[in-house]
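# Structural characterization, general
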Amino acid sequence: MQEHQIIIAKRFCGPPQSGNGGYVAGLLAKAMGRPCQVTLHAPPPLDTPLRLLSVAEGLQLLDGDLLLATGKDYQLQMAAPQPPELTSALSAESRYEGFQDHGLPNCFVCGPLRKANDGLRIFAGPLDAGADQVAAVWQPDATLDDGTGMVASEFVWAALDCPGFFAVKHASGTALLGRFAARLLEPVAIGERLIVSGWALGHDGRKHRAGTALHRQDGTPVALAEATWISLNKA
């Protein structure tokens, strides 16, 4: 049994006092080094030494003895719908709900108060009025470099997180990420302009499943994810 220490920096918050779920899941996936699914059990605190523990089932992230997240082997099997054109994704951003009302305006991924080169600023809005699919454009900056000119994998996981919420928000209301799995197909270069999309997969009471994807402008998929969002209010 091996144990390592990690710290989630304040920059990578979702809620003001805890880590963005997609980013945290990406850290566990990076540590596992193989396809996995991450379940979030409790909000991971920021700027706090946390325990990353290797167990038979995969990984556990703990704050002392409090279980925060678990990672287990998982092969994501899903296909993404046809991605929108770049112009359509840019237009969708103008309809991003978070510009008018955002519960977490400083979220690392989707917070409109975050500045360039600080947050990811992925503002996924509906492709058309009443559309089930949301979209945005993401151009990763140099602060996300893994040291080779490519985007570090945990930031790709993060980019796949929040668009899924905005794809199910009409049914889920306020919700938290409960479970997340991603499949990274191709490396993402710093400065590359990508199309982000999200769509609802299904609803079951307080549970809402969403798919998300990153595509190149020529339609090539580079990453896919599936998430379960848990409504904070009763369905």
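Scroll up a little and you will see the structure.
Below, the structure is looked at part by part. (Residues numbered from 1 in each chain as written. Predicted model: local features only at pLDDT ≥ 70, side-chain atom pairs only at ≥ 80, totals over all residues. Heavy atoms only, no water.)

Turning next to the overall build of the protein. Along the backbone of the protein there are four helices and eleven strands. Rg of the C-alpha trace for the protein: 16 Å, near the compact-globule value of 18 Å for 235 residues, within the 12% margin. Projected onto its principal axes, the C-alpha positions of the protein cover 50 × 45 × 35 Å. For the protein, the residues scored as buried account for 51% of the 235 residues in total. (Helix = DSSP H or I, 4+ residues; strand = E, 2+ residues; numbered from the N terminus. Rg over C-alpha atoms; globule rule 2.2 N^0.38 Å. Buried < 20%, exposed > 50% of the residue type's maximum accessible area, 1.4 Å probe, protein only.)

Extensive coverage of helix 4 (residues 162-172) is indicated by the burial of eight of its eleven residues. Within helix 4, the full set of buried residues consists of Cys 162, Pro 163, Gly 164, Phe 165, Phe 166, Ala 167, Val 168 and Ser 172. Where helix 4 is buried, its residues touch strand 7 (133-138), helix 3 (153-159), strand 8 (175-184), strand 9 (194-204), strand 10 (207-215) and strand 11 (221-231). Phi turns positive, to about 65 degrees, at Gly 173, one or two residues after helix 4. (Contact = heavy atoms within 4.5 Å.)

This part covers the layout of surface pockets. Put simply, the largest pocket is a space of about 760 Å³. Along the wall of the largest pocket there are 33 residues; nearest its centre are Pro 15, Leu 104, Ala 175, Leu 176 and Trp 229. Of all the secondary structure elements, the ones that give two or more residues to the lining of the largest pocket are helix 1 (21-32), helix 4, strand 8 and strand 11. Of the residues contributing to the lining of the largest pocket, the split by class is 18 nonpolar, eleven polar and four charged. Each pocket or cavity is described by its volume, and for the second largest pocket that value is around 210 Å³. Forming the walls of the second largest pocket are 13 residues, and the residues nearest its centre are Arg 34, Pro 35, Trp 157, Ala 182 and Leu 184. (1 Å grid on protein atoms, 1.4 Å probe; cavity = no way out; pocket = protein on both sides within 12 Å on 5 of 7 lines; lining within 4 Å. Points joined across faces, edges and corners; volume = space filled by probe spheres on them. Nonpolar A, V, L, I, M, F, W, Y, C, P; charged D, E, K, R; others polar.)

Another point: the pattern of salt bridges. Think of it this way: side chains of opposite charge can pair up when their charged atoms draw near. Per the stated rule, a full pass over the model turns up ten salt bridges. The salt bridge involving Asp 118 is made with Arg 114; its shortest N-O contact spans 2.9 Å. Under the relative-accessibility criterion, Asp 118 is labelled partly exposed at 26%. For Arg 114, a relative accessible area of 6% corresponds to the buried category. Glu 186 is the salt-bridge partner of Arg 216, the closest N and O atoms lying 2.3 Å from each other. Taken together, the residues span a long stretch of sequence, with Arg 216 in the loop between strand 10 and strand 11 and Glu 186 in the loop between strand 8 and strand 9 at a distance of 30 residues. Residue classification places Arg 216 among the buried residues on the basis of a relative accessible area of 19%. Accessibility expressed as a relative area gives 34% for Glu 186, which makes it partly exposed. In the salt-bridge network here, residues are joined through shared partners; they are Glu 3, Arg 51 and Asp 65. (Salt bridge = Lys/Arg side-chain N within 4 Å of Asp/Glu carboxyl O.)

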